[in-house]
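# A structural walkthrough
What follows is the residue order along each chain.
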Amino acid sequence: MKKIIKAITCAALAVIITLTFTGCAKFNYITNGTIQAIHEIKSGAWKDAGKTETPGDDAETDKAVIDEFAAGTYGGIDFKTLDDVAKYYCEAYDKTKAKSAMFKNENGEVVEMYAFYDEKKIEIKDILVEGKSNAVINKLIPQLLDALYVPTVGGLPPCNAREPENDKDENGESLKTCRIVADDMVTANVKDNGDGTITLTMQPKAVNMSRVGMDSQGKFFTSLNDIGAVVDAVDAFSWASGTTEENCKVNYRDGTAIVKIDTKTGEIVEADYTMIAYVNIQHANLAVVKDKSLSATVYYICHYPASQEFLDKVNVHSVK
């Protein structure tokens, strides 16, 4: 199941790109492009497809979408600066992600997985071609996602695999420990829940073409890496002018991590991560369609812990 969330999300984007540009009758392009995109990502070829932008390049100006930080004592914990928030979150993250348990997976195999796991969903909205919405396309997208995307559980993000030993970044370094520092955040705030828990709400800084574990967005979320490889994987696709790097942008911004921590144990007990990626493609050629633009917004939403209903749905169960 390694990298499955990125593979399926990127493949879904390939479907959307092809479908929106060529029309509903062009299912041969959809099928071929999607299959090729999945193969490209699963094989690891996406890692070498073009130059990944550095954090902040061409990113929208960061604007706070959550309440600003206010220094104070919350749940008996002193927070003087954003640095204190980052350090406290990382300590809780590390303690929580250090725990594993045995599960029976979809194939009936007993495997070791993260003990604190999520339920997740993907939504793709605000699809515009040449700045215009298409009602047919908007209706089809949820159906396509349901057909393509089979969800499963995973550890705290960023997470490339639900098995701790396989959870590594593109360089083979473990993702079991937190990499976030204060400079990764636009802002954050803290709330005392009055029940022995506090809630941290954090907003990471905007990034283009985020890489898992490698930048502000990728340290908070399981981001999509370079979707340019997915676009290039559609054989019929080309550019009217410019390169993939110039014409294919994915700006991550406005996402939030809302994390409830037990101050006694120092562990995360509930969390909601909402990654938002704004996809923008310019000067695209596909089949007889020439020099078109496309924009869409991807929402990747993870809630921890997963409900029993979700576990039943994905057929993954704890082994007592």
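Residues numbered from 1 in each chain as written. Predicted model: local features only at pLDDT ≥ 70, side-chain atom pairs only at ≥ 80, totals over all residues. Heavy atoms only, no water.

## Focus on the pattern of salt bridges
Pairing is possible between side chains that carry opposite charge, provided their charged atoms lie close to one another. In this structure the tally under the stated criterion is 14 salt bridges. Glu 123 serves as the salt-bridge partner of Lys 121, at 3.4 Å between the closest nitrogen and oxygen. Each of Glu 106, Arg 162 and Glu 163 takes part in one network of salt bridges that share partners. (Salt bridge = Lys/Arg side-chain N within 4 Å of Asp/Glu carboxyl O.)

## Some words on helix H3 (residues 82-97)
With 16 residues, H3 should cover 22 Å at 1.5 Å per step; its first-to-last C-alpha distance of 22 Å lies within 8% of that length. Taken residue by residue, H3 has Val 85, Ala 86, Tyr 88, Tyr 89, Cys 90, Ala 92, Tyr 93, Thr 96 and Lys 97 as its buried positions. (Helix = DSSP H or I, 4+ residues; strand = E, 2+ residues; numbered from the N terminus. Expected span 1.5 Å × (residues − 1). Buried < 20%, exposed > 50% of the residue type's maximum accessible area, 1.4 Å probe, protein only.)

## A short note on the sheet that holds strand E4 (residues 110-114)
Pairing within the open sheet is antiparallel, and its three strands lie in the order E4-E3-E14. The open sheet has two free edges, formed respectively by E4 and strand E14 (317-318), since each of these has just one partner strand. (Pairing = 2+ DSSP bridges.)

## Concerning the nonpolar core
With 51 residues, the main nonpolar core has Tyr 89, Leu 200, Met 202, Val 259, Ile 268 and Tyr 273 as its most contacted residues. Top contributing element to this core by residue count: strand E12 (residues 267-286), with eight residues. Once residues lying within four places of it in the same chain are set aside, the contact partners of Met 202 are Ile 66, Val 85, Tyr 89, Met 185, Thr 187, Ala 188, Phe 220, Gly 255, Thr 256, Ala 257 and Val 259. Listed in part, the 10 residues of the second largest apolar core include Met 113, Ala 306, Val 314 and Val 316. (Core = buried A, V, L, I, M, F, W, Y, C linked by side-chain atoms within 4.5 Å. Contact = heavy atoms within 4.5 Å.)

## Looking at the environment of His 317
Along the chain, the position of His 317 falls in strand E14. Separated by 215 residues in the primary sequence, His 317 and Met 102 place their C-alpha atoms 8.8 Å from one another. Setting aside its immediate chain neighbours within four residues, His 317 contacts Phe 103, Lys 104, Gln 308, Leu 311 and Asp 312.

## Remarks on the side chain of Thr 222
Here Thr 222 is to be found in the loop between helix H5 (216-220) and helix H6 (228-233). Thr 222 sits in the buried class, given a relative accessible area of 3%. A polar contact of 3.0 Å, which involves the side chain of Thr 222, links it to the backbone nitrogen of Cys 159. (Polar contact = N/O pair within 3.5 Å; in protein donor to acceptor, adjacent residues only side chain to side chain.)

## A look at unusual backbone geometry
For the peptide bond that leads from Pro 157 to Pro 158, omega is 0 degrees, which places it in the cis range. Residue placement: Pro 158 occurs in the loop between helix H4 (135-148) and strand E6 (185-192). Here the residue pair Tyr 304 and Pro 305 is connected by a cis peptide bond, since its omega of -5 degrees sits within 30 degrees of zero. Residue placement: Pro 305 occurs in the loop between strand E13 (289-304) and helix H8 (308-314). Phi angles above zero are rare outside glycine, and Asp 254 is one such case at about 70 degrees. Mapped onto the elements of the fold, Asp 254 is located in the loop between strand E10 (248-252) and strand E11 (256-262). Positioned with a positive phi, Asn 315 is a non-glycine residue whose angle comes to about 60 degrees.

## A closer look at the environment of Arg 253
Here Arg 253 shows up in the loop between E10 and E11. For the pair Arg 253 and Ala 277, spaced 24 residues apart in sequence, the C-alpha to C-alpha distance is 6.6 Å.

## Brief notes about the packing of aromatic side chains
Per the counting criterion, the structure on display carries eight aromatic pairs. On the basis of an interplanar angle of 85 degrees and a centroid distance of 5.5 Å, the ring pair of Phe 79 and Tyr 88 is categorised as edge-to-face. Accessibility assignment for this pair places Phe 79 and Tyr 88 in one class, buried. Clustering of aromatic rings is evident, with ring pairs tying together Tyr 89, Tyr 93, Phe 220 and Phe 221. (Phe/Tyr/Trp six-rings, centres within 6.5 Å; stacked < 30°, edge-to-face > 60°.)

Keep in mind these values describe shape, not function.
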